[in-house]
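Chain by chain, the residues run as shown.
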Amino acid sequence: TWGRKMRLVKVATCSLNQWAMDFGGNRDRIIASIRKAKAAGCKYRLGPELEISGYSCEDHFHEIDTFTHSWEVLCEILPHTEGILCDIGMPVIHNAVRYNCRVFCINRKIILIRPKKCMASDGNYREERYFTAWRKDRHCENLVLPSNVQLVTGQSAVPFGDGVVQIQDILIGSETCEELFTPNAPHISLGLAGVDIIGNGSGSHHELRKLNTRVGLITEATAKGGGVYLYSNQQGCDGNRLYFDGCAMISVNGSIVAQGTQFSLWDVEVVTAVVNIEDIRSRRASIPSRCNQAADNPSFPTYPISNFQVTMTDSECFTAVPTRPIDVHYHEPEEEIALGPA
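Rules and cut-offs
- Residues numbered from 1 in each chain as written.
- Predicted model: local features only at pLDDT ≥ 70, side-chain atom pairs only at ≥ 80, totals over all residues.
- Heavy atoms only, no water.
- Core = buried A, V, L, I, M, F, W, Y, C linked by side-chain atoms within 4.5 Å.
- Buried < 20%, exposed > 50% of the residue type's maximum accessible area, 1.4 Å probe, protein only.
- Contact = heavy atoms within 4.5 Å.
- Helix = DSSP H or I, 4+ residues; strand = E, 2+ residues; numbered from the N terminus.
- Pairing = 2+ DSSP bridges.
- Right-handed = clockwise from strand over helix to strand, strands pointing away.

Draft legend 1. Broad picture of the nonpolar core. Judged by nonpolar contacts, the single largest core of 34 residues is most densely connected at Ile52, Trp71, Leu74, Ile110 and Ile113. Sequence-distant contacts of Ile52, defined by excluding residues within four places in its chain, comprise Phe23, Asn26, Ile30, Ser70, Val73, Leu74, Ile77, Ile88, Gly89 and Met90. Leu230, Val271, Val275 and Ile277 belong to the second-largest nonpolar core, a separate cluster that totals 30 residues.

Next comes the structure, spelled out in structure tokens:
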């Protein structure tokens, strides 16, 4: 029979209670989140910003050991990436410059390392003290891997820069925390370049009513131009004076379809959704002004993953349905004051 063809993908994001410099504990929580995502049938897993080292390492980011131990932990995580694309946050040094990075891994291989392009250096944030922003738009270079990582991956060098990952004909990209809040956010050019799924690994601390701001920015990221947007965050106090309030979310075409808890005591919380890639492309193709801008938008360096199917099989699609939009849960201000700063 002739009918509407659905191309379904199950994706996962998470909130993790990571601690600064707790490499063993951080590793275990990352692996636990990957296992939960795989058990739920997900093919893509997004984690928080700097989840391997912890976000609030402060001047420990000036020590080479912090980067060395992060690579050691990644080596222990890589065997758990069989059958699932993992977007992992960790600090990386490239050409003697410190970067805040997203590392795309699958099947024990590193596909792409994407450095953060806009640092958070206002209010409580001092990222420019520790990291440098990547300023080469749509440009990638080779990063030579440490020898211990080469032994695990079988790779001598991997792409480093402003690129995207391709599985089948589906494009997956990322932006990191502060980038969502900027006027010319990376998700704008990523969406116009046809990137279907965008992940945002964050280390966003709690402020009163800040969730309202996040939801507005996340939904707008996919409302005007279509797409899937996943948001991951740190959860709890990581050794500094700030409290990270979790609340991982997934947005599709301007609607929130999945939301985690905001003030949870769980060490690991995984949030999943089933998304229909054809819904995204239908939405995008139906907006003439978006199509005109997309036609002029330069593409990104693209790194394909072979021999891996991210979409559900026909038999799986027979019983699965896309996750429907939900009403976002907001705590009252009084509840936030009680659950957060208190």
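Now that the structure has been shown, we can carry on.
Draft legend 2. Highlighting the environment of Val275. Among the secondary structure elements, Val275 is positioned in strand S15 (residues 268-276). With a relative accessible area of 1%, Val275 lands in the buried category. Each C-alpha atom of the pair Val275 and Ser251 lies 9.6 Å from the other, and the pair is 24 residues apart in sequence. For Val275, the residues in contact, after removing those within four places along its chain, are Arg7, Leu8, Val9, Val228 and Val252.

Draft legend 3. The pairing of strand S11 (residues 228-237), seen in detail. Most of S11 is tucked away, with 9 of its 10 residues classed as buried. Sheet topology places strand S1 (residues 8-16) next to S11; 2 bridges connect them, and they run parallel. Each residue of the ladder has a partner; that of Ser15, found in S11, is Asn233. Once the chain exits strand S10 (residues 197-202) it traverses helix H6 (residues 210-223) before rejoining the sheet at S11, and the crossover so formed is right-handed. Pairing analysis gives 4 bridges linking S11 to strand S13 (residues 249-252), with the strands arranged antiparallel. Pairing of Tyr231 across the sheet is with Met249, part of S13. Two elements, S11 and strand S12 (residues 243-245), share 3 bridges in a ladder whose sense is antiparallel. Considered in S12, the bridge of Gln235 is made with Asp245. Counted between consecutive antiparallel strands, the loop separating S11 from S12 contains 5 residues, among which Gly239 sits at a positive phi close to 115°.

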